[in-house]
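One-letter residues, chain by chain:
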Amino acid sequence: MRLLHCLCCTFVFFKFALSLSINGADISSLPLLESGGLSYSESDGGLTKPFETILSSHGFNLARIRVWTAGTYTQTYALALAKRAKFVGMKILVDLHYSDTWADPSHQAIPSSWPTDLDGLNTQIYEYTRDLVNAFSSQGTPIDYIQVGNEINDGLLWPVGRISVNGFQGASELLHSAVAGVRGASSSAKTVVHIANGWDADDVDWFFSDIFISGALSESDVDIFGFSFYPFYGTNATFDALSSSLTGVESIYKKDILIAETDWPFACSPSVALSEPSIPLSATGQQTWVHDIEGILLELPEGHGLGVVYWEPGWVGNADLGSSCSDALLVDSSGATRTSINLF
C-alpha cells in the first residue's frame, strides 16, 4: 500500500514538473464580440463572466493580442485588452502584424502611412515598435512576449521585405530593426519570430538557415521561435512531422519553441481532409489535439518547449475566416463553455 502511494505521488510530481509554462489563448476579437452583444458563461448555467476570467479560471495563463497599424485592432484597442488580461493574472503576447490589416503567408502589405523604401522602413519599424512597447509599459501592462511579425515565411512589409522578391537581406534588416525597438524599450520582453507551418521541416530550415545575416538579424536578437500548426490546410501537418521539424530546429539553434497558433475543429465539412483523421470532431478531440502537441513540446531537450496558444477560442461567428471548418471554438454559439475549455 505504501509502495502504491509512493508511485502515485511520483506520477503526480512528474506530471506537475513536466508541465509547460505557457497555456495561451488568442483573445483579440473579444471586445468586438462583446460590442455585438455576445456574453460568456460556464456550461453549468453559471453567471455571465468576462471571457478572460473564464479562461484564467481554467488554467489559461497568457493572452495573445494582435495589433494592426490601422483598422480594427489598433494600439489603443490592444492596450485596453491588455489591461483586462493582466487584471486576471495573465501574461500577454503582443502579435505585431506591421500592416493595416491581416498579415499571413499570403499578405504582408506595408501600412499605408509608412515609407516604401528599406531605409525608411527600418527607421519606421524601429520607432513604431519602441513606442508601442513603451505605451504598454507606461499604462502598467508591460509586454511579456512580442511577435515581430505574423507568419512571416516570405518576409514582411512587402514588397520591400519580401524574401521571394528581394532575398533575405531586407527582411533580416527589418526584423533586426524591430527587435532593436523592443530592446530599446524593454529589457524583459521576449522576442518571437513567427512563421506558419511549423510541421514543414524543409520550410522551417530554409527560413532560419538564411534569415540570420551579419549586420542585420542575429540569433541573439531572437528569444523564441514561434510556429502555427493547423490540421486543415494539408494532410502533411501530422504530429510526426511536427515532432521531426521542431526537434531539428531546436537541435541547431537551441531556442525556446512556442506553438503560437493552433486549433482543432468541433465541426467540419466531410470534404475537408484533416491531418490527424483519427481524432474526433468534438470537444474531446480538441483536448486530444492540444495535449498531443504539448507532448511533442515536452520531449524537446533542455525544456525548450514553452507551450501552446489556442487561436480565438471564443470568436463566435468566424466560420468564414481561416479554414473550411465551421467551428473550432471552446464555446458554443451562445458563449457557453464546452468541456474543451479544460485544455490545460
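This text follows the structure it describes.
Here is what the cut-offs are and how they apply
- Residues numbered from 1 in each chain as written.
- Predicted model: local features only at pLDDT ≥ 70, side-chain atom pairs only at ≥ 80, totals over all residues.
- Heavy atoms only, no water.
- Disulfide = S-S within 2.5 Å.
- Helix = DSSP H or I, 4+ residues; strand = E, 2+ residues; numbered from the N terminus.
- Buried < 20%, exposed > 50% of the residue type's maximum accessible area, 1.4 Å probe, protein only.
- Expected span 1.5 Å × (residues − 1).
- Contact = heavy atoms within 4.5 Å.
- Pairing = 2+ DSSP bridges.
- Axes fitted to C-alpha atoms, helices over the stretch in contact; angles between N-to-C directions.

## Digging into the state of the cysteines
Consideration 1: With the rule as written, the count across this model stands at one disulfide.
Consideration 2: The disulfide that involves Cys268 links it to Cys325, with 2.0 Å between the sulfurs. Looking along the S-S bond of the Cys268-Cys325 disulfide, the torsion reads about -65 degrees, which is the left-handed sense. Here Cys268 is found in the loop between strand E9 (256-262) and helix H10 (283-298), whereas its partner Cys325 is found in the segment after strand E10 (305-310), with 57 residues between them in sequence.
Consideration 3: For Cys268, a relative accessible area of 14% corresponds to the buried category.

## Considerations on helix H7 (residues 168-185)
Consideration 1: Between its first and last C-alpha, H7 extends 26 Å over 18 residues, near the 26 Å set by a 1.5 Å rise per residue.
Consideration 2: Along H7, the residues classified as buried are Phe168, Gly170, Ala171, Ser172, Leu174, Leu175, Ser177, Ala178, Val179, Gly181, Val182 and Ala185.
Consideration 3: Against helix H5 (118-138), strand E6 (145-148), helix H6 (163-166), strand E7 (190-195) and helix H8 (201-211) lie the buried residues of H7.

## A short note on the sheet that holds strand E1 (residues 22-26)
Consideration 1: The strand order around the closed barrel formed by eight strands is E1-E4-E5-E6-E7-E8-E9-E10, and the pairing between neighbours is parallel. Strand-to-strand twist across the sheet, computed as the mean angle between neighbouring axes with direction ignored, equals 25 degrees.
Consideration 2: Relative to E7, E6 is paired through three bridges, and the arrangement is parallel. Within E7, the position partnered with Tyr145 by the bridge is Lys190.
Consideration 3: Against the sheet, helix H4 (residues 75-87) contacts strand E4 (62-67) and strand E5 (91-96), and its axis sits at roughly 175 degrees relative to E4.
Consideration 4: Docked against the sheet, helix H9 (residues 239-253) engages strand E8 (224-228) and E9, running at close to 145 degrees with respect to E9.

Without other data, these values stay purely geometric and don't point to any function.
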